[in-house]
Amino acid sequence: MAVRNTRPAVVATAALLLASVLMPVRAQDAEKKAFRICRDPNNLPFQNVKGEGFEDKIAELFAADLGIKVQAFDYPARFNFIRNTLRFKLPGDDYPCDIVMDVPAGFSQGTASTKPYYRSTYAMAFPRGKALAGVTSVEQFLALPQEKLAKLKIGIIDKSPASDWMAKRGLLDIGVPYRVLVADPDQSSGGIIEADLIAGKLDAVIVWGPIAGYYAKRYPQADLLVLPMQSEHNVRFDFEIAMAVRIPDKALKQTLDELIVRNQSKIEAILNDYGVPLLPPAPPAAAAAN
């Protein structure tokens, strides 16, 4: 919120309004001057307890813009994350956090989502010099002889766009399914790459692009090639990502929307540093349809 009027009364009023926007807490909780995120403590490349994920860095960017500090409430994303973080409140207490850093644009689970701050897609990743040596595109992968395809092990998240894509092409027999949510909070979303692909148990994986890009950069010795997947009829791979707040927190949502616009180039720099495959914003018609 920007006010460019130098009249003292107007400036004083604007300052009060701005303060109310930047401090999304109850008036009696004036001591809470923090950018309060709901965080998964073990989910790189997104978040972790050490603040090493790219969502942590974006939260720090926004907090610095507002002149406040990041405060995190940690809870594993496997266990009804929204209900137990953003919407959790005991009688007489305040909510433990105010912002979920990663939801699909338009997400609604008793929450309001901000404008998108990036758009990415699922990706295929594999070591360049092993079973798929010489393959440099998804089309080349699909053109491999059937006898070679039949020997591959492709890690996919069960009931994801990847499993739909494999089923559409009659490749489910070579798919190795992984559960979308693992109850063990010590396991992260990157385990399929870190523990199995790099270890040689899989020949390739098809996962959410930010995961593939991050682990390819984290383990350069594995020499992973990351191929973004393109959406097609009945299989959507690309998604716009936004942040979520409680529905009544309209001032906070407005502040986040303004922060996203004001810091878009810095957000993209952070995402590029983490290897996130970035797509241009979706056209308005497509965004509305989704």
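Because the structure is a prediction, the values reported are computed rather than measured.

Draft legend 1. Quick peek at the pairing of strand β7 (residues 118–127). With respect to burial, β7 is a largely interior element, 10 of its 10 residues being buried. Where β7 meets strand β12 (residues 238–246), 4 bridges bridge the pair, whose relative direction is antiparallel. Following the sheet pairing, threonine 121 is matched in β12 by aspartate 238. Pairing of β7 with strand β10 (residues 204–208), which is carried by 4 bridges, proceeds in the antiparallel orientation. In the strand pairing of β10, alanine 123 is matched with valine 207. The sheet contact formed by β7 and strand β11 (residues 224–228) spans 5 bridges and is antiparallel. Counterpart to methionine 124 in the pairing with β11 is leucine 227.

Draft legend 2. Spotlight on the layout of surface pockets. Considered as a void within the structure, the second largest pocket measures approximately 180 Å³ in volume. Every residue along the wall of the second largest pocket is listed here: Ser137, Val138, Glu139, Leu142, Trp165, Arg169, Leu227, Pro228, Met229, Gln230, Glu232 and Phe237. When residues of the lining of the second largest pocket are assigned to their parent elements, the largest contribution, 3 residues, is made by helix α4 (residues 138–142). The class makeup of the residues in the lining of the second largest pocket is 7 nonpolar, 2 polar and 3 charged.

Draft legend 3. Geometry of the confidence of the model for the protein chain. Overall, the predicted model of the protein chain reaches an average pLDDT of 87, with 85% of residues at or above 70. In this model residues 1–31 is a low-confidence stretch, pLDDT under 50, and it forms 29 contacts with partners more than four residues away in sequence or in other chains.

Draft legend 4. Up close: the nonpolar core. Membership of the largest hydrophobic core comes to 71 residues, with the highest contact counts inside it found for Phe35, Ile58, Phe62, Phe141, Trp165 and Ile193. Here this core gets 7 residues from one element, more than from any other, and that element is helix α2 (residues 54–66). Among residues more than four places away in sequence, those in contact with isoleucine 193 are Ile198, Val205, Val207, Ile211, Ala212, Tyr215 and Leu224. If you look at the next biggest cluster of nonpolar residues, it comprises 9 residues, including Cys38, Phe81, Val100 and Val103.

Draft legend 5. Geometry of the packing of aromatic side chains. A complete count under the given rule lists 12 aromatic pairs for this structure. With a centroid separation of 5.8 Å and 75° between ring planes, the pair formed by phenylalanine 54 and tyrosine 274 is classed as edge-to-face. Pair noted here: phenylalanine 54 is in helix α2 and tyrosine 274 is in the loop between α10 (264–273) and α11 (284–289), with a separation of 220 residues, a long-range link. Here phenylalanine 54 matches tyrosine 274 in class, with each residue buried.

Draft legend 6. Structural view of the environment of leucine 252. Among the structural elements, leucine 252 can be located in helix α9 (residues 250–262). Each C-alpha atom, one on leucine 252 and one on threonine 114, is 9.6 Å from the other, the two residues being 138 residues apart in sequence.

Draft legend 7. Focus on the packing of α2 against α10. For the pair α2 and α10, interaxial distance at closest approach is 10 Å and the crossing angle is 155°. In terms of axis orientation, α2 runs roughly antiparallel to α10. Here α2 and α10 pass one another in a crossing that is right-handed. Together, Phe54, Lys57, Ile58, Leu61 and Phe62 of α2 and Lys266, Ile267, Ile270 and Leu271 of α10 make up the contact between the two elements.

Draft legend 8. Region of interest: the pattern of salt bridges. Taken as a whole, this structure holds 12 salt bridges when the rule is applied. In this structure, arginine 36 engages aspartate 98 in a salt bridge whose closest nitrogen and oxygen atoms are separated by 2.8 Å. Remark: aspartate 98 occurs in the loop between α3 (81–84) and β5 (99–104) and arginine 36 occurs in strand β1 (residues 34–39); sequence separation between them is 62 residues. In terms of burial, arginine 36 and aspartate 98 fall into one category: buried. Aspartate 257 is the salt-bridge partner of lysine 253, the closest N and O atoms lying 3.0 Å from each other. Of the two residues, lysine 253 and aspartate 257 both sit in helix α9, 4 residues apart, roughly one turn of that helix. Residue classification places lysine 253 among the partly exposed positions, given a relative accessible area of 25%.

Draft legend 9. Up close: unusual backbone geometry. Leucine 44 connects to proline 45 through a cis peptide bond whose omega is 15°. Even without being glycine, lysine 159 reaches a positive phi, approximately 60°. Position of lysine 159 relative to the elements: it lies in the loop between β8 (154–157) and α6 (161–168). The phi angle at aspartate 223 is positive, at roughly 50°, despite the residue not being glycine.

Draft legend 10. Here's a closer look at the state of the cysteines. In total, this model carries 1 disulfide according to the counting rule given. Note on cysteine connectivity: cysteine 38 is disulfide-linked to cysteine 97, with sulfurs 2.1 Å apart. In this structure, the disulfide formed by cysteine 38 and cysteine 97 twists by about 105° around the S-S bond and is classed as right-handed. You can see cysteine 38 sitting in strand β1 and its partner cysteine 97 sitting in the loop between α3 and β5, a full 59 residues away along the chain. Cysteine 97 carries the same exposure label as cysteine 38, and that label is buried.

What counts, and where the lines are drawn
- Residues numbered from 1 in each chain as written.
- Predicted model: local features only at pLDDT ≥ 70, side-chain atom pairs only at ≥ 80, totals over all residues.
- Heavy atoms only, no water.
- Buried < 20%, exposed > 50% of the residue type's maximum accessible area, 1.4 Å probe, protein only.
- Helix = DSSP H or I, 4+ residues; strand = E, 2+ residues; numbered from the N terminus.
- Pairing = 2+ DSSP bridges.
- 1 Å grid on protein atoms, 1.4 Å probe; cavity = no way out; pocket = protein on both sides within 12 Å on 5 of 7 lines; lining within 4 Å.
- Points joined across faces, edges and corners; volume = space filled by probe spheres on them.
- Nonpolar A, V, L, I, M, F, W, Y, C, P; charged D, E, K, R; others polar.
- pLDDT = per-residue confidence, 0-100.
- Contact = heavy atoms within 4.5 Å.
- Core = buried A, V, L, I, M, F, W, Y, C linked by side-chain atoms within 4.5 Å.
- Phe/Tyr/Trp six-rings, centres within 6.5 Å; stacked < 30°, edge-to-face > 60°.
- Axes fitted to C-alpha atoms, helices over the stretch in contact; angles between N-to-C directions.
- Parallel < 35°, antiparallel > 145°, perpendicular 65-115°, else oblique.
- Left-handed = near helix turned anticlockwise from the far one by under 90°.
- Salt bridge = Lys/Arg side-chain N within 4 Å of Asp/Glu carboxyl O.
- Disulfide = S-S within 2.5 Å.

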